[in-house]
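Each chain, letter by letter, is given below.
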Amino acid sequence: MTYPRDVVVNRKAHTMVSKELLIGGIWEKASNGSAPREVTSPFDGRIVGQVASAGSGDVEKAIRAAEHGAAKWRRTPAYERSDILLKAADLADQRSEEIGRVLSAENGKTLGEAIGEAKRSGDIIRLAAFEGTQLYGQSLPLDANRGTGLEKLGFTIRQPVGVVAAISPFNYPALLVNHKIAPALAAGNAVILKPAGATPLTALALAECFVDAGLPEGVLSVLTGSGKTIGDALTSDPRVRKISFTGSTAVGQHIAATAGVKKLSLELGSSAPVVVLPDADIELAASAVAAGGYINAGQVCISVQRVVAHRDVATDFLDALKAKVAEHRTGDPSDGTTTVGTLINEQEAQRVEQAFRLAVDEGATLAQGGERDGAIVQPTILSNVDPRSSIAQQELFGPGVAVSVAQDVGEALDLANSTDYGLAAGVFTRDNNNAVRAAREIDAGVVHINWTPLWRADLMPYGGLKASGVGKEGPRAAVAEMTEEKAVVLHGQPWDQ
């Protein structure tokens, strides 16, 4: 059965919402006549909602709508764009608890984490709205060029790129949707959003805030359905002038190979390290890692995946970490006592469980956890980990921390850099010299001193080095990347002086 735009259906005593496609600000059924796809809870398998499955015809319709919307939106004064985004931010605030419940249901993260994530939406949109009004240029000192006099004036201006394709992941379905569509809209672009297949309802609920705030037709589309069908069609189309993607390095490489000549922001994989030096506050480091390794069941690109502990403190750190991690509770994400929810599905939980088994086969010690029940994996610590082994080198994306030992500070920093990734890192030390050295030598997009990588202020530039991607997010950085800079030269004639 096909449900209209926003029908609430009672099935097995659970509330279910059915959503259509959003094409250019208009809610529409999929043109291919396909049946709605069910969205289910990773915790208990209940049906959370239904969404349409877009086909190639819907992608084409969305791109055409975006072309018209972009032409209108770029000619809308920045203050008018800002006014609409600020209304959307207010709506996101008002609906944050409702959106958070939907997020928890379809994602499996704890209700507290989900509502906390949803409550960041309004502020992210406000930050982007401000940055969209601050597109300053610069004057060009053309008379410094030999042979050029004072008869010419030069300056730069910024303009929107046009049509932006935003492809968001499942792990932060509110946060990362907002970090893509809000700056793009604030800069004057039209946006086509392809949310993760596992968490489309959160994205649609956020898009509804923008539509209800008065966003003009054509400016925003949300296409749910097959990632390959929709993603490939969007990223390869020359009418799409900018792609903002968060996901795996493998998919990012595919996008880069097929996109053609256009602007790319790719936030990709990671194996984020934390270095614990001999002068560190061990209790602080253990508490921070016990949080930073297991939030969202470790399904965070900046989750603490590996700890490199100096040999003088490695045993003390491991003992302290085990005590902190033992305090975590898994279970129903809607239960207020649950601190670690489910992985996104049972297949992912099986993959993580197998990664732990492989680590043990490669010589690591299972110090704590490791058990799996459906999509729930117990918070896990692996010790005596070879820093060159798979558990350290490959992205885990699950609730596990691998602990290795370094003989000195130099080796610890070298091991922090020993993977293909470079998204974020943390260092615990009381020595200012070590802090400065770590900030200089660790190759990561963000280096935290006396905290873990799992911390982000929404206004800061955010993005990685090496295989962790290209480009930056954060409203100011994203607005800059979603605009083009051009130089304007006014030519006069020399005059008598």
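Every residue gets a number counted from 1 within its own chain, in the order that chain's sequence is written. Given that the model is predicted, a residue must reach a pLDDT of at least 70 before its local features are reported, and side-chain atom pairs must reach 80 or more before they are shown or counted; all residues, however, enter totals for whole chains, interfaces and linings. Side-chain numbers come from the whole structure's heavy atoms, not from hydrogens or water.

Segments assigned H or I by DSSP are reported as helices when at least four residues long, segments assigned E as strands when at least two residues long, and all are numbered from the N terminus. When helices and strands are counted, the protein shows 16 helices and 26 strands. All radius of gyration figures rest on C-alpha atoms, and the globule criterion is 2.2 Å times the number of residues raised to 0.38. Computed over its C-alpha atoms, the radius of gyration of the protein comes to 24 Å, within 12% of the 23 Å expected for a compact globule of 497 residues. Its C-alpha atoms give the protein principal-axis dimensions of roughly 80 × 70 × 40 Å. In the protein, buried positions account for 56% of the 497 residues. Taking all contacts inside the protein whose residues are at least 6 apart in sequence as the whole, residues at least 24 apart take part in 72%. We get accessible surface area from the Shrake-Rupley algorithm with a probe of 1.4 Å; when it comes to residues, only the shown protein chains can shield them. Surface summary for the protein: the accessible area is close to 20200 Å², and the carbon and sulfur share equals 51%. In the protein, the 48 positive side-chain charges and the 58 negative ones have mean positions that sit 6 Å from each other. For every residue, the accessible area (1.4 Å probe, protein chains only) is compared with the maximum for its type, and the residue is labelled buried under 20%, exposed over 50%, or partly exposed between those bounds. Contacts were defined at the residue level, with two residues in contact if any of their heavy atoms lie within 4.5 Å. Under this rule, positive means Lys or Arg and negative means Asp or Glu; His and the chain ends count for nothing. A single reference atom marks each charge: NZ on Lys, CZ on Arg, CG on Asp, CD on Glu.

Take the packing of helix α14 (residues 409-416) against helix α15 (residues 432-441) next. Structural elements are reduced to axes, namely lines fitted to C-alpha atoms, with helices fitted over the stretch in contact, and the angle between N-to-C directions of any two is expressed from 0 to 180 degrees. One way to put it is that α14 packs onto α15 with a least axis distance of 10 Å and a crossing angle of 30°. What the angle tells us is that α14 and α15 run roughly parallel. Classified by chirality, the crossing of α15 by α14 is right-handed. Of the residues in α15, those in contact with V409, G410 and L413 of α14 are N434, R437, A438 and E441. Within the contact of α14 with α15, the residues separate by chemical class into three nonpolar, two polar and two charged. Each angle gets one of four labels, with under 35 degrees taken as roughly parallel, over 145 as roughly antiparallel, 65 to 115 as roughly perpendicular, and the rest as oblique. The handedness criterion is simple: a crossing whose near helix is rotated anticlockwise from the far helix by less than a right angle is left-handed, and one whose near helix is rotated clockwise is right-handed. When residues are grouped by polarity, Ala, Val, Leu, Ile, Met, Phe, Trp, Tyr, Cys and Pro land in nonpolar, Asp, Glu, Lys and Arg in charged, and all others, Gly among them, in polar.

Below, the discussion takes up empty space enclosed by the protein. Points on a 1 Å grid, built from protein atoms alone, make a cavity when a 1.4 Å probe fits but cannot get out and make a pocket when they are open with protein on both sides within 12 Å along at least 5 of 7 lines; residues with an atom within 4 Å of a point are the lining residues. Grid points are joined across faces, edges and corners, and a volume is the space filled by probe spheres set on the points. Going through the model one piece at a time under the given rule, you end up with five cavities of 30 Å³ or more. The computed volume of the largest cavity comes to approximately 70 Å³. Along the wall of the largest cavity there are 14 residues; nearest its centre are G298, V300, S303, Q305 and F397. Considered as a void within the structure, the second largest cavity measures approximately 60 Å³ in volume.

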